[in-house]
Amino acid sequence: MKRNQILAVILLMQLLCASLALADRTIVWDKYPITIVLPVGEEVRVTFPADVALQLPLEVTEKLESLAPNQRVVYWKATEEFESVRAIATSTDNETVYLVDLVAQQNAVVESLIIEDPDRVVAQQGQDSESAEFSSGIQELLDPPELILTRFASQSLYAPRRLIPVNPDVNAQAISALPANFPLMRSQAGEQYRFSIVGAWSGYGRYVTAVMVINTSPIAIHINSGLVAGNFTHITPQHLTLGAAGTLEDRTTLYLVSDTPFASAIMEDGYGY
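Residues numbered from 1 in each chain as written. Predicted model: local features only at pLDDT ≥ 70, side-chain atom pairs only at ≥ 80, totals over all residues. Heavy atoms only, no water.

Draft legend 1. Structural detail: the layout of surface pockets. Its boundaries defined by the atoms lining it, the largest pocket holds a volume of some 250 Å³. Around the largest pocket, the lining is made up of 14 residues, and of these P49, A50, R72, R120 and Q124 lie nearest the centre. It is helix α2 (residues 118–134) that provides the largest number of residues to the lining of the largest pocket, a total of five residues. Taken together, the residues that form the lining of the largest pocket break down as four nonpolar, four polar and six charged. (1 Å grid on protein atoms, 1.4 Å probe; cavity = no way out; pocket = protein on both sides within 12 Å on 5 of 7 lines; lining within 4 Å. Points joined across faces, edges and corners; volume = space filled by probe spheres on them. Helix = DSSP H or I, 4+ residues; strand = E, 2+ residues; numbered from the N terminus. Nonpolar A, V, L, I, M, F, W, Y, C, P; charged D, E, K, R; others polar.)

Listed below in structure tokens is the structure:
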């Protein structure tokens, strides 16, 4: 065999080995703990069959680097060897708890893993079948965009981490600067407020801005949305009253929905509301 042919064969074998090393290995969830052996010093990607909230034992946190770019994928890198420890991955829909036993060893195989859940595959197939039946002309009733945006903003700020919403149709917006003494809400009885923007999103052709309102006055106030300045189509307070300054109830969040970005809506007259 000529030298060039030998080199070509060697190169082909190297490419095949590399592709095999990079291939993801599938593990089927059968309701028993899954054992994952991590190579020390190498990063391993693990993909779960659903969005999950991860819990790791405290004793392993100093020996394991964990990076989760989203709620379905986690990158684990062991910095030293350790014996079996149990990680708990609870699906955000509270349907499944996945148990994973992690072990770190020197020179273990480096491979990315995909965990598959047969029950979820069957359930998804059933949902797809139902969706196909509805697509024949029956229009499902949907919540109004204003309600969806307000609920999304409220859950993003107040819900526990495992219930933080994900909606591909709703996108985070840059938070505008707002002077603390900006006259966003007119006074009812001489009270004063301090304001700050804590979140902003857009979706369905509308915008929702979450504004923290702090009562700096010694009197309790019932929130009157009609006193909010700007052109907002919907205004929803997280709480209906504000306690006197210094109490636990002296602050709340206003969710302001507008047809234009907040910076524009706040400068317009309140025709929408």
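That was the structure; now back to the text.
Draft legend 2. Structural context of the nonpolar core. Counting residues in hydrophobic clusters, the biggest one holds 25 residues, and the most contacted among them are I36, L38, V46, F48, W76, F82 and L102. Contributing elements (two or more residues each) for this core: β2 (34–39), β3 (43–47), β6 (73–78), β7 (82–91), β8 (97–105) and β9 (113–116). Within the second largest apolar cluster, 20 residues are counted, among which are L178, L184, F195 and I221. (Core = buried A, V, L, I, M, F, W, Y, C linked by side-chain atoms within 4.5 Å. Buried < 20%, exposed > 50% of the residue type's maximum accessible area, 1.4 Å probe, protein only.)

Draft legend 3. Fine view of the sheet that holds β8. Taking strand neighbours across the sheet as the criterion, the four strands line up as β2-β8-β7-β4 in an open arrangement whose pairing is mixed. Whereas interior strands pair on both sides, the edge strands pair on one side only; in this sheet they are β2 and β4 (52–55). This sheet shows a mean twist of 30 degrees between the axes of neighbouring strands, independent of strand direction. Summarising the sheet, β7 and β8 pair through seven bridges and their orientation is antiparallel. In the strand pairing of β8, T90 is matched with V97. (Pairing = 2+ DSSP bridges. Axes fitted to C-alpha atoms, helices over the stretch in contact; angles between N-to-C directions.)

Draft legend 4. Looking closely at the pattern of salt bridges. Counted according to the given criterion, the structure contains 10 salt bridges. Note that R25 is salt-bridged to E111, the shortest N-O span being 2.8 Å. A residue pair is termed long-range when its members are at least 10 positions apart, and R25 in strand β1 (residues 25–28) and E111 in the loop between β8 and β9 qualify at 86 residues. The class for E111 is partly exposed, based on a relative accessible area of 23%. In this structure, R251 engages D250 in a salt bridge whose closest nitrogen and oxygen atoms are separated by 2.9 Å. Overall, R251 belongs to the partly exposed group, its relative accessible area being 40%. Residues participating in the shared-partner salt-bridge network are D93, D117 and R120. (Salt bridge = Lys/Arg side-chain N within 4 Å of Asp/Glu carboxyl O.)

Draft legend 5. Spatial organisation of the pairing of strand β14 (residues 234–237). Residues of β14 alternate between two faces, with I235 and P237 buried on one and H234 and T236 left unburied on the opposite face. Sheet analysis places β14 next to strand β16 (residues 251–258), joined by four bridges and oriented antiparallel. Within the sheet, the bridge partner assigned to I235 lies in β16 and is L256.

Draft legend 6. Here's a closer look at a negative patch on the surface. Together, E62, E80, E81 and E83 line one region of the surface with negative charge. Overall, E62 belongs to the exposed group, its relative accessible area being 74%. (Patch = residues over 30% accessible without salt bridge, like charges linked within 9 Å, V, L, I, M, F, W, Y side chains within 5 Å. Areas by Shrake-Rupley, 256 points an atom, 1.4 Å probe, with all protein chains shown as cover. Lys, Arg positive; Asp, Glu negative; His and termini not counted. Charge placed at Lys NZ, Arg CZ, Asp CG, Glu CD.)

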